[in-house]
Amino acid sequence: MIGASGYGGLQTVALLQEHPHLQVTFLGGHSSVGSHWREMAPFLGTGTDLQVKPPDPDAIAAAADLAVLSLPNGRASTLVPTLLERGVRVVDLSADYRFPHLDDWCQIYGAHLGMNRSDGGLCGEAVYGLPEFNRLAVSKARLVACPGCFPTTSLLALLPLLREGLIMPKDIIIDAKTGTSGGGREARQHLLLAEAGEAVAPYGVEGHRHTREIEIQATALGGHQPVQLQLTPHLLPMGRGLLATIYARLSPSGHSATKLTNHLLETYRDQPCVDVLPVGIYPSTKWVHKTNRALLSVASSAHGGQVIVMAALDNLLKGQAGQGVQCLNLMVGLPETMGLPLQPFYP
Ligand SMILES: NC(=O)c1ccc[n+]([C@@H]2O[C@H](COP(=O)([O-])OP(=O)(O)OC[C@H]3O[C@@H](n4cnc5c(N)ncnc54)[C@H](OP(=O)(O)O)[C@@H]3O)[C@@H](O)[C@H]2O)c1
């Protein structure tokens, strides 16, 4: 596990400590190098007391067959080529390999980070780690790029409807609310309790970096008609959880909420991590808290012509580390939900 001290790392290690077949054998980090697991995460109980080490690819390859990387954007791409050369299969939780074309990553992330990369071939090879739509490819992949919380929520809601031509691919609006853990564990002013507490605020309204990723993947996985959308995220004073309310225009033939719900039910019938609620029941982040489950619900607007899809998940599990473990399971031929919580301890 590389990036063990961060939120994605902590969740991944916690999940793997309970896992019957996968074991954590290496902890990598940066400022936490030298720390022992028991000092760093005493709240996570037992488990091997490994020490955090620098993420040297030879040391990782000597200790592990698979690596989960949960690092700030840009860092994974400095490790992945060598890890793959050493025969280590990788699940990356950052955005480094989520774009099939490196140019897109460079425009959205590279320019901001002042970083150049030359591993375009690996961007083309990486499998987008959304098991519900890429299960077979994930199981065979050397490199899996897991989508984060906003893309996972949005794509699970939109892809079945786009694929079937039930909604129009343009003018989609994703209004999303997220908790503060979405910003990572590093201290940042806007995530302080005094700033984020008792407040709701939009951010990244014009051109949020996940907008393009969702458009590209919705186009690729949803039927190849170019998808255009507006993503407006809001920060809410809660630790974890993500709720997206998505508005889309119905295709000219028009369909009722019941018909669209039935289509989602059919799509996700054999998918253990996604559930569809009956018409009139709307998902809450509390219902998916600390689970690897996404909940979807469909409603029609009173004036017709528009569908509203609501989707909730836990940003640190189905939106990050849980999805990573789901992919790891598939990569080694295990049942995909092994070691993953699917029921919340309500409330
Ligand atoms: N938080 C979410 O809800 C969420 C959801 C989906 C995807 N993601 C993505 O997942 C990735 C990790 O997010 P996070 O929220 O877990 O971040 P985080 O809490 O800020 O953790 C970042 C981790 O990266 C390590 N790190 C930083 N620089 C490093 C370097 N040069 N070498 C080795 N390790 C280094 C840190 O280790 P030290 O403490 O040792 O410095 C820390 O363990 C990000 O790319 C993020 O965009 C996050």
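Rules behind the numbers
Residues numbered from 1 in each chain as written. Predicted model: local features only at pLDDT ≥ 70, side-chain atom pairs only at ≥ 80, totals over all residues. Helix = DSSP H or I, 4+ residues; strand = E, 2+ residues; numbered from the N terminus. Rg over C-alpha atoms; globule rule 2.2 N^0.38 Å. Buried ≥ 20, exposed ≤ 12 C-beta atoms within 10 Å, placed from the backbone. Near = placed C-beta within 6 Å. Nonpolar A, V, L, I, M, F, W, Y, C, P; charged D, E, K, R; others polar. Domains from an automatic or database assignment. Core = buried A, V, L, I, M, F, W, Y, C linked by C-beta atoms within 7 Å. Contact = placed C-beta atoms within 7 Å. Pairing = 2+ DSSP bridges. Axes fitted to C-alpha atoms, helices over the stretch in contact; angles between N-to-C directions.

1. Some points on the overall build of the protein chain
A count of helices and strands for the protein chain gives twelve helices and 13 strands. Relative to its length of 347 residues, the protein chain is compact, with a C-alpha radius of gyration of 20 Å against a globular reference of 20 Å. Taking the principal axes of its C-alpha atoms as reference, the protein chain extends roughly 60 × 45 × 40 Å. Counting only residues that meet the buried cut, the protein chain has 47% of its 347 residues in that class.

2. Points about the site of the ligand
Looking at the ligand, there are 31 residues lining it, with Gly6, Gly29, Ser94, Gly148 and Gly184 nearest. Those elements giving two or more residues to the shell around the ligand turn out to be helix H1 (7-17) and helix H12 (317-331). Residue contributions to the shell around the ligand peak at three residues, all from H1. Taken together, the residues that form the shell around the ligand break down as eight nonpolar, 20 polar and three charged. Two domains each provide a minimum of three residues to the shell around the ligand, namely domain 1 (7-147 + 318-331) and domain 2 (149-314).

3. Here's the deal with the nonpolar core
One finds Val144, Ala294, Leu296 and Ala311 to be the most contacted residues of the largest nonpolar core, which totals 97 residues. Ranked by the residues each element gives to this core, the list is headed by helix H8 (residues 149-163), at nine residues. Two domains each put at least three residues into this core: domain 1 (7-147 + 318-331) and domain 2 (149-314).

4. A closer look at the environment of Phe150
On the secondary structure map, Phe150 appears in helix H8. Residues Phe150 and Leu162, spaced twelve residues apart in sequence, show a C-alpha to C-alpha distance of 17 Å. Look past the residues within four positions of Phe150 in its chain and what remains in contact with it is Ala176, His210, Leu231 and Pro233.

5. With respect to the sheet that holds strand S3 (residues 66-69)
If you trace the four strands from one edge of the open sheet to the other, you get S3-S4-S6-S5, paired in parallel fashion. Both outer strands of the open sheet, S3 and strand S5 (127-128), are each paired with one neighbouring strand and no more. As paired strands, S5 and strand S6 (residues 143-145) are joined by two bridges and run parallel to one another. The residue of S6 that forms the bridge with Tyr128 is Ala145. Across the sheet, helix H4 (residues 76-85) touches S3, strand S4 (89-92) and S6, and the angle it forms with S4 is around 160 degrees.

6. Thoughts on the pairing of strand S12 (residues 294-300)
Among the seven residues of S12, five are classified as buried, and the element is accordingly described as predominantly covered. Two strands pair when backbone bridges link them, and strand S11 (residues 274-276) and S12 are joined in this way by three bridges, in the parallel orientation. Within S12, the residue paired with Val274 across the bridge is Ala294. Here S12 folds back onto strand S13 (residues 306-313), and the loop between the two strands holds five residues, one of which, Gly304, carries a positive phi near 75 degrees.

7. Quick notes on the domain arrangement of the protein chain
Assigned domains of the protein chain: these are domain 1 (7-147 + 318-331) and domain 2 (149-314). The C-alpha centroid of domain 2 is placed 24 Å from the C-alpha centroid of domain 1. Across the contact, 18 residues belong to domain 1 and 25 residues belong to domain 2. Elements with a contribution of two residues or more to the side of domain 1 that touches domain 2: helix H5 (102-113), helix H7 (131-140) and H12.

8. What about the sheet that holds strand S8 (residues 201-202)?
What holds strands together in a sheet is hydrogen bonding between their backbones, with the strands either parallel or antiparallel. With mixed pairing, the seven strands of this open sheet are ordered in space as S8-S9-S7-S10-S13-S12-S11. Each of the sheet's edge strands pairs with one partner strand only, and the pair in question is S8 and S11. For strand S7 (residues 172-178) and strand S9 (residues 229-235), the ladder comprises seven bridges, and the chain directions are parallel. What sits directly across from Ile174, in S9, is Leu231. Each of S7, S9, strand S10 (242-249), S11, S12 and S13 touches H8; the most contacted strand, S10, lies at about 45 degrees to it.

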